[in-house]
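Chains, contacts and geometry: an overview
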Amino acid sequence: MDAVTRIRAARWADKDHVAALIADALHPSPLATWLIPDPGPRRRILTDVLGIWIEHAMFYGDIHLTDDDAATVGFHRYRSIPPPANYQMRLGPVSEVDPRARSHR
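Residues numbered from 1 in each chain as written. Predicted model: local features only at pLDDT ≥ 70, side-chain atom pairs only at ≥ 80, totals over all residues. Heavy atoms only, no water.

Looking now at a nonpolar patch on the surface. On the surface, a cluster of nonpolar side chains totalling about 380 Å² of accessible area is made up of Leu31, Trp34 and Leu35. For Leu35, the location among the structural elements is in helix α2 (residues 30-35). Taking the relative accessible area as the measure of exposure, Leu35 reaches 48% and is therefore partly exposed. (Patch = residues over 30% accessible without salt bridge, like charges linked within 9 Å, V, L, I, M, F, W, Y side chains within 5 Å. Areas by Shrake-Rupley, 256 points an atom, 1.4 Å probe, with all protein chains shown as cover. Salt bridge = Lys/Arg side-chain N within 4 Å of Asp/Glu carboxyl O. Helix = DSSP H or I, 4+ residues; strand = E, 2+ residues; numbered from the N terminus. Buried < 20%, exposed > 50% of the residue type's maximum accessible area, 1.4 Å probe, protein only.)

Structure representation (structure tokens):
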């Protein structure tokens, strides 16, 4: 008998898991390498930036998960989608290569 994959809507508590899941999938890709050439902080930066967009999708889209760790994220295109709240301010700290660098300026 074949197992049936259960699909469920993501909850707020799932947002960090979804961001990490997508970051893990993107990490070895040419796109991720182009965006963040240094492999050391790449996964952390991807996860943090994706976290902002996953949170945004919770309000302006849909996120679904399966029991075996697959996810889909989509935005509703019924109207214009505003940028994430305080995006530029939030993006700065999460996109730094070395988070300790801020304290040394």
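Having seen it, we continue.
With respect to the secondary-structure elements, Asp14 resides in the loop between β1 (7-9) and α1 (15-26). Under the relative-accessibility criterion, Asp14 is labelled buried at 9%. A C-alpha to C-alpha distance of 9.8 Å links Asp14 and Glu55, two positions 41 residues apart in sequence. When near neighbours in sequence (up to four residues on either side) are disregarded, Asp14 contacts Arg8 and Leu65. (Contact = heavy atoms within 4.5 Å.)

As a further point, take the pairing of strand β2 (residues 61-66). For β1 and β2, the ladder comprises three bridges, and the chain directions are antiparallel. Within β2, the position partnered with Ile7 by the bridge is Thr66. Bridge analysis of β2 against strand β3 (residues 71-75) gives five bridges, and the strand direction is antiparallel. The partner of Leu65 across the bridge, within β3, is Ala71. Hairpin connection from β2 to β3: four residues lie between these consecutive antiparallel strands, with Asp69 at a positive phi of about 65°. (Pairing = 2+ DSSP bridges.)

It is worth spelling out the pattern of salt bridges at this point. Counted under the stated rule, the structure contains six salt bridges. For the salt bridge of Arg6 with Asp67, the shortest nitrogen-to-oxygen distance reads 3.2 Å. Taken together, the residues Arg6 in the segment before β1 and Asp67 in the loop between β2 and β3 connect sequence positions 61 residues apart. What makes Arg6 partly exposed here is its relative accessible area of 46%. For the salt bridge of Asp24 with Arg43, the shortest nitrogen-to-oxygen distance reads 2.6 Å. Here Asp24 is found in helix α1, whereas its partner Arg43 is found in helix α3 (residues 39-60), with 19 residues between them in sequence. In this structure Asp24 comes out as partly exposed when scored by relative accessible area, which is 41%.

Glancing now at α3. End to end, α3 covers 31 Å across 22 residues, agreeing with the expected 32 Å (1.5 Å per residue, within 8%). For α3, the capping residue at the N-terminal end is Asp38, with a side-chain oxygen 3.0 Å from the backbone nitrogen of Gly40. (Expected span 1.5 Å × (residues − 1). Polar contact = N/O pair within 3.5 Å; in protein donor to acceptor, adjacent residues only side chain to side chain.)

Overall, antiparallel pairing links the three strands, which are arranged β1-β2-β3 in an open sheet. In this open sheet, the two strands that pair with only one neighbour each are β1 and β3. Ignoring strand direction, the axes of neighbouring strands in this sheet form an average angle of 20°. Its contacts with the sheet put α3 on β2 and β3, and the angle it makes with β2 is roughly 110°. (Axes fitted to C-alpha atoms, helices over the stretch in contact; angles between N-to-C directions.)

Interpretation note: all reported values are geometric properties and have no functional meaning in isolation.
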